[in-house]
Amino acid sequence: MKKNRRDISPSKKIFIALIAGLIFGIILHNFVPDSHFKNYILIEGIFYTLGQLFIRLMQMLVVPLVFFSIADGCRNLGDTETLGKVGIRIVVFYLFTTALAIVIALGLSSLIGPGKGMNMQIGDQNFEVANADISLKDTILDFIPTNPVGALAEGNMIQIIIFAVLVGLLIASMEDRLVSLGNIVTEMNDLMMGMTAWVMKLAPMGVFFLISRTFSNLGFDAILSMLSYMASVLGGLVVQLLVVYMILLTAFVRVNPFKFLKKYAPVMTFGFSTASSSATVPINIQTLEDMGVDRKISSFTIPLGATVNMDGTAIMQGVAVVFIANAYGITLSPTDFLTVILTATIASVGTAGIPSVGLVTLSMVLESVGLPVEGIAIIMGIDRILDMARTTINLSGDATGTIIVANSVGAFDKAKFNS
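Notes on the structure in this doc start here. (Residues numbered from 1 in each chain as written. Predicted model: local features only at pLDDT ≥ 70, side-chain atom pairs only at ≥ 80, totals over all residues. Heavy atoms only, no water.)

## Comments concerning a nonpolar patch on the surface
On the surface, Phe15, Ile19, Ile23, Ile27, Phe31 and Val32 cluster together into a nonpolar patch covering about 560 Å² of accessible area. Of the residues examined, Val32 reaches a relative accessible area of 32% and is grouped as partly exposed. (Patch = residues over 30% accessible without salt bridge, like charges linked within 9 Å, V, L, I, M, F, W, Y side chains within 5 Å. Areas by Shrake-Rupley, 256 points an atom, 1.4 Å probe, with all protein chains shown as cover. Salt bridge = Lys/Arg side-chain N within 4 Å of Asp/Glu carboxyl O. Buried < 20%, exposed > 50% of the residue type's maximum accessible area, 1.4 Å probe, protein only.)

This is the structure in structure tokens:
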């Protein structure tokens, strides 16, 4: 029997939940007076608990999904030559776009001039940040887990990825002796994808409560006072998405970039809601498969991107450097700008894909050019909304790189993408 009414797609449900949560949160903040019920039972009780419940369900899936999807993907790739091509190309892409993102951020914020006229004095802000020293040497050494079980337990993504790659390649090279183990890896990957589909049914509810809590705590006064900073960050994010990624897709893959935006919108909406690249790994892999990317490629490049590719975070850090320098009346030299580009690129490799972690690594970037770390306190109030926005760019960069690399090794179905 024919249906008279079309079912609402999951992506539309997520988008509707996002808009509803935004409106409800703003109404709650501006028109409902503060009370114990509003602040502690509703916002920090019901909204926080149900929103975090969904986030934890997603986080529960990330480690086993990343391990089994990468191990199975490497097993199916079958040889180190193919994996080497994919690995080198995706890492080069991630590092190039991250460095380019910082250049865009520094250039745009230098033109807009956020923070000028604030006349801040060192010592005006009270702020302590965790030690965020990240050196190239330590970053490289930290790639290799001294204890793979510990890496899995701690959720150290880059170490999990390295271990999973080795497991997958060895299963492929010893396929005749490890048939049962290979089948177990494949079946566990299928199980995790099925579990992901089940958890994603709860996505509209989780998105509604996460967004409602965010905007019920976010006052317009805080936003208006930081308008130039926000404009610089959002401007950089828009340029990275609509100029850099779209040009790269058009030049290297010859596909319609606007069709990419339309098909990829559910992932961007979900990433905006959760502000976590890692939590979005499952839906990212699934969406790219629906767009024509071979899962063997995306199951390797997407978890890697969630760990090392942070273009949106890099843009925030570039703008924050200029903003804090202007706010304190400190002039940055061309050498300082080069130092920021190098340091922020290295920092992005050592950044976990969790909400607001960019603020921690920002302290290292500020220290590299002698800017006061306490300046971070100025931007903390509105960081949540910008964190949500830059996560969508982080994810879009992962997807763009994955499509380009998949196309270069013949693992992208352009007809499926255009359908």
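## Some details on the nonpolar core
In this structure, Tyr229, Phe260, Phe300 and Ile403 are the most contacted members of the largest nonpolar core, which totals 116 residues. If you tally residues by element for this core, the top one is helix α2 (residues 36-77), at 13 residues. Judged by nonpolar contacts, the second largest core, of 5 residues, contains Leu28, Leu42, Ile43 and Phe47. (Core = buried A, V, L, I, M, F, W, Y, C linked by side-chain atoms within 4.5 Å. Helix = DSSP H or I, 4+ residues; strand = E, 2+ residues; numbered from the N terminus.)

## Here's the deal with the pattern of salt bridges
Any two side chains of opposite charge can pair, given that their charged atoms come close. Under the defined criterion, the tally for this structure stands at 4 salt bridges. The closest approach of N and O atoms between Glu44 and Arg213, which form a salt bridge, is 2.9 Å. Taken together, the residues Glu44 in helix α2 and Arg213 in helix α8 (residues 203-216) connect sequence positions 169 residues apart. Look at Arg213 and you get partly exposed, because its relative accessible area is 26%. The partner of Arg390 in a salt bridge is Asp387, and the shortest N-O contact between them spans 3.4 Å. Within this pair, Arg390 and its partner Asp387 are both found in helix α18 (residues 383-408), separated by 3 residues, close to a single helical turn. Overall, Arg390 belongs to the buried group, its relative accessible area being 0%.

## Digging into helix α13 (residues 295-308)
With 14 residues, α13 extends 20 Å between its outermost C-alpha atoms, agreeing within 8% with the 20 Å of an ideal straight helix rising 1.5 Å per residue. For α13, the buried fraction is high: 13 of the 14 residues fall into the buried class. At the N-terminal boundary of α13, the capping side chain belongs to Asp294, with an oxygen 2.9 Å from the backbone nitrogen of Lys296. (Expected span 1.5 Å × (residues − 1). Polar contact = N/O pair within 3.5 Å; in protein donor to acceptor, adjacent residues only side chain to side chain.)

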